[in-house]
Structures are given as structure tokens and as C-alpha cells.
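# Structural overview for review
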Amino acid sequence: MTNMDLIEKLEREKNLTDGEFVRIIEGLSERESQALFARARAVREREYGKDVYIRGLIEFSNICRNDCYYCGIRKSNANLERYRLTPEEIVSCAREGYSLGFRTFVLQSGEDAWFTESRLADIIRQIKKEFPDCAITLSVGERTREEYEAWFEAGADRYLLRHETADESHYRYLHPETMSLAHRKECLYTLREIGYQVGAGFMVGSPGQTVDNLVSDIRFLQDLKPHMIGIGPFLTHPDTPFADRENGSFSRTLILLATLRLLFPGVLLPATTALGTIAPDGREQGLLAGANVVMPNLSPTGVRKKYELYANKICTGEESAQCKNCLNLRVGSVGYKLAVSRGDSRIR
Ligand code: SAM
């Protein structure tokens, strides 16, 4: 079977053998990659038309109890100035976002215990009361079932928790002993069971990652059946144990985006900030490879640089309105348009 046949098979059967996935991930010529992207685009346009959904990202605390070896806000990074927005500041970011046309807010943070079940539930209720037509996505890490349930009841709609890698030994390589892949996965299945629209995902080119690990990621996603999948290249941060490692590959990230679009036609797939950091037109290229979501920053400009997961993160100096305008132009430049809507997943 030629590589072009494989691309067709992937679209038709929404599956491949492990060996065939390996060929797609590392064996395509430039021309074949472009053919893959074109197929992914066609499927994305069939499912979502030309709309690109926007999520207003509010990075509300960089305080974290975890020590993931790749992450700039890990607790052992003593060079980082820590911050925590007040509940009023968080709601006011959402207010500004609403006036700019955002109908989904992503509340993301390190694993910060100050945000107890009731404190975060209050914030969710306040945003939902003021903006009932908006969706709230949480991305605050591994918490208890009771907390997840309370936040769902308070009005949270979606939850992002990248699994990071579905391979046990690779997970061990990236995280300290206090964390476990089994618990991460359990959280994702619990969130799904509760009724959240769930997002999993991984970094492309994280230290120690093999192509077989990526196949394991695909197999895990096939089992979980998430509504959203967040992937982006691994990018080094100088104050982590992986400071001297290489960044992930831009082209491999695009190939994986397109592969995921063909595997999961209705999935919400962001062109991430990390993709826009590794290449100046990274997010546009991501959209052309099948992505259909962008997540501009709504955090106050004073704290943006402090939420530095990796070096040279983009959009840390601009006002929210500038971010939105800039993205509007970028999305338009590749023939798509920003949608003013909640942008729910077609997957139920
Ligand atoms: N604490 C929450 C959690 O664990 O899900 C949310 C915040 S966490 C910093 C968000 C994501 O950033 C992680 O899931 C990880 O994939 C990504 N990330 C962290 N460090 C990164 C790096 N060096 N390069 C690229 N992405 C990174």
C-alpha cells in the first residue's frame, strides 16, 4: 500500500494498524503531508464549515503543587514570580472577554489549593449568572470526583486535562513519583462520566518520546473518545530539568493534527499557543492541517509573562482586544472566520 493509499484508508476507516500509524507519523514526503492536510481540511470543513471557535483563556494562577519536569511553572522553579488572581479579577477578565465576543472562557491554572471546591464553584456560578449564554471550560489539573461534581453542578461545561503521554515508562520519565498515569486517566474517565465535554492531549516531541508512544496516545484517545484534543510541540524552558532538550517538531505536530482530524472528524482541535510560538505562522498552519479552535489570552497583561510554561511564549504583551484583532486577521488570512458562539463539540 502506498502512503497515499494509507491516507485514504485513514479517512475511510478512521483507523490504521500500529505500523501504518508509524508510517503516517514519520514516513510521509512533503507532497504526501500536503495531501494529508488537504484531506483533514476537507473533513473539518464538512463538520464545522469555515468557522473557527475562540476560547478566552484566563490563566488565573501560576502556583502549582506539581513538579512536572518539562513545565516552567513547576513548583521547584524558584526563579518564577508567583501570582494568583482574585475571584473579582477572574470575573472581570470574563466580562472583558464577553464584550469582545467570547462565548467560552477557559479557566486554567497550576494545581493551586487556594482554589478550593467552594471558591472555584463560586467563581463559576458568578460567571454563569452574569453570562448564561457562555460555556466555561476548566483546566485546573487532577482533583477529586467530589470537586469535579461540584464544579459541574455550579455550571462548568468542559474540562481540559492532557494525559501528556499514554505510555507508563514515558510518563515516569516526564513526571516525579508523586504523579501517576493511572490517576491522570482515572480523572479523565471520571470527568466524562460526570457529563463534562472532556479534552485530553499530549505534547509532540516531549523528551524521551518515541513514535510508538505517539501510537499509544492515539490508542488511548480512541478508548476515551474525548470531545477535544489539545496537542502542541514540547518547548524547552530554561528553569526545568529538560532545559537542554530540543523543541518538538513543528511538522510532526501538523501531521498529528491532521491525523487526529481524520480519526475523530467531529473533535475540537485547537491550533495552540505553543504552535504559534514555534513558528510565526504556526497557528495558521495548524488551521490548514485540520485545527478549528484558537485560544487567545484574556489574562491581565501584568501577569501573562509569569505564566511561562516554556520559553518565548507569544502574546504575553498584548491587550485582550489586540489579541482578538490579531487572531481575526490571522484566521482570515487562511480563509476561515472567527465565530461568536459557544462552539460546542459535535461529539455527544
Ligand atoms: N495544571 C493543569 C494541568 O495539569 O492540566 C493546567 C495547566 S498545565 C501547565 C497545561 C499544559 O501545558 C500541560 O498539560 C502541558 O501539556 C503544557 N505544557 C507544560 N509545559 C510545557 C512545555 N514545556 N512545552 C509545551 N507545553 C507545555
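Residue indices follow the written sequence of each chain, beginning from 1 at its first position. Thresholds applied to this predicted model are a pLDDT of at least 70 for local features of residues and 80 or more for the giving and counting of side-chain atom pairs; totals over whole chains, interfaces and linings are not thresholded and use all residues. The basis for every side-chain value is the complete set of non-hydrogen atoms in the structure, without hydrogens or water.

Turning our eyes to something else, we now look at the site of the ligand. In the vicinity of the ligand there are 18 residues, among which Tyr70, Ser109, Arg162, Glu164 and Leu235 approach most closely. As used in this structure description, the phrase polar contact means that two N or O atoms lie within 3.5 Å; if the pair is within protein, one of them must be able to donate a hydrogen and the other to accept it, and residues adjacent in sequence are counted only when both atoms belong to side chains. Take Ser109: an N or O atom from its main chain is 3.0 Å from a nitrogen atom of the ligand. In the environment of the ligand, an oxygen atom lies 3.0 Å from a nitrogen or oxygen atom belonging to the side chain of Arg162. Protein chains bury 92% of the 560 Å² of accessible surface belonging to the ligand in isolation. What makes a residue near a molecule or strand is one non-hydrogen atom of that residue sitting within 4 Å of it. Surface accessibility follows the Shrake-Rupley procedure with a 1.4 Å probe radius. Residue values consider only the protein chains on display as shielding.

Pairing of aromatic side chains requires ring centres within 6.5 Å, counting the rings of Phe and Tyr and the six-membered ring of Trp. Pairs whose planes differ by under 30 degrees are stacked, by over 60 edge-to-face, and all others tilted. If you walk through the whole model with that rule in mind, you get 12 aromatic pairs. Judged by centre distance (5.7 Å) and plane angle (90 degrees), the rings of Tyr48 and Tyr53 are edge-to-face. Taken individually, Tyr48 and Tyr53 each receive the classification buried, so the pair is uniform in this respect. For the pair Phe60 and Phe115, a centre-to-centre distance of 4.6 Å together with 80 degrees between the ring planes defines the contact as edge-to-face. Placement of the pair is Phe60 in strand β2 (residues 56-61) and Phe115 in the loop between β3 (104-109) and α5 (117-130), with a sequence separation of 55 residues. Residue classification places Phe115 among the buried positions, given a relative accessible area of 1%. These aromatic residues form a ring-pair network of at least three members: Tyr148, Trp151, Phe152, Tyr159 and Tyr196. For a Lys NZ or an Arg CZ to count as sitting over a ring, it must be within 6 Å of the ring centre and within 35 degrees of the ring normal. Its end group placed over the ring of Tyr336, Arg44 keeps NZ or CZ at 4.2 Å from the ring centre. Its guanidinium or amino end placed over the ring of Tyr98, Arg103 lies 3.6 Å from that ring's centre, counting from NZ or CZ. Here's how the labels work: a residue is buried when its accessible area is under 20% of the maximum for its type, exposed when over 50%, partly exposed in between, all with a 1.4 Å probe on protein chains only. Secondary structure is summarised from DSSP: a helix means a run of H or I of at least four residues, a strand means a run of E of at least two, and numbering begins at the N terminus for each.

This part is about the pattern of salt bridges. Salt bridge, as used here, is a side-chain nitrogen of Lys or Arg placed within 4 Å of a carboxyl oxygen of Asp or Glu. Summed over the entire model, instances satisfying the criterion amount to 29 salt bridges. We note a salt bridge from Lys306 to Glu81, for which the minimum N-O separation is 3.2 Å. Residue Lys306 is found in the loop between α13 (301-304) and α14 (320-333), and its partner Glu81 is found in the loop between β2 and α4 (87-100); the two are separated by 225 residues along the sequence. Under the relative-accessibility criterion, Glu81 is labelled exposed at 52%. Residue Arg145 pairs with Glu193 through a salt bridge whose shortest N-O separation is 2.7 Å. Here Glu193 lies in helix α8 (residues 181-194) and Arg145 lies in helix α6 (residues 145-154), a separation of 48 residues in the sequence. Overall, Arg145 belongs to the partly exposed group, its relative accessible area being 31%. Using a relative accessible area of 59% as the deciding quantity, one classes Glu193 as exposed. The network of salt bridges with common partners includes Lys128, Asp157, Arg158, Arg342 and Asp344.

The next thing to look at is the packing of helix α9 (residues 211-224) against helix α10 (residues 250-263). Any two packed helices are characterised by how steeply their axes cross, that is the angle between the axes, and by the distance between the axes. In this analysis an axis means a line fitted to C-alpha atoms, helices contributing only their contacting stretch, and an angle means the value between N-to-C directions, from 0 to 180 degrees. Contact geometry for α9 and α10: axes closest at 12 Å, N-to-C directions at 25 degrees. In terms of their interaxial angle, α9 and α10 are classed as roughly parallel. For the element pair α9 and α10, the recorded crossing hand is right-handed. Every residue of α10 that contacts α9 at Leu214, Ile218, Leu221 and Gln222 is listed here: Arg252, Leu256, Thr259, Leu260 and Leu263. Working definition: roughly parallel below 35 degrees, roughly antiparallel above 145 degrees, roughly perpendicular at 65 to 115 degrees, and oblique for all remaining angles. The handedness criterion is simple: a crossing whose near helix is rotated anticlockwise from the far helix by less than a right angle is left-handed, and one whose near helix is rotated clockwise is right-handed. Contact criterion: two residues are considered in contact whenever any of their non-hydrogen atoms come within 4.5 Å of each other.

This part covers the environment of Arg103. Inspection of the secondary structure puts Arg103 in the loop between α4 and β3. Separated by 94 residues in sequence, Arg103 and Lys9 have C-alpha atoms that sit 37 Å apart. If sequence neighbours within four positions are ignored, Arg103 has contacts with Tyr98, Asp133, Cys134, Ala135, Val340, Ser341 and Arg342. One polar contact links the side chain of Arg103 to the main-chain carbonyl oxygen of Tyr98, over a distance of 3.1 Å.

Here, any two strands with at least 2 DSSP bridges between them count as paired. A sheet is described by the order of its strands in space; here 6 strands give the open sequence β2-β3-β4-β5-β6-β7, paired in parallel fashion. Strands at the two margins of the open sheet, each flanked by one partner only, are β2 and β7 (228-233). Ignoring which end each strand starts from, the neighbouring axes of this sheet average 20 degrees apart. Docked against the sheet, α8 engages β5 (158-160) and β6 (197-204), running at close to 155 degrees with respect to β6.

Take the nonpolar core next. Nonpolar cores were defined as sets of buried Ala, Val, Leu, Ile, Met, Phe, Trp, Tyr and Cys residues, with membership established by side-chain atoms within 4.5 Å. Counting 100 residues, the largest nonpolar core has Leu36, Ile58, Leu138, Trp151 and Tyr196 as the members making the most contacts within it. Counting residues per element, this core draws most heavily on α10, which supplies 8 residues. Non-local contacts of Ile58, meaning those with residues more than four positions away in its chain, are made with Leu85, Ile90, Cys93, Ala94, Phe105, Val106, Leu107, Gln108, Leu298 and Ser299. Grouped together as the second largest cluster of nonpolar side chains are 9 residues, Tyr48, Tyr53, Met228 and Ala339 included.

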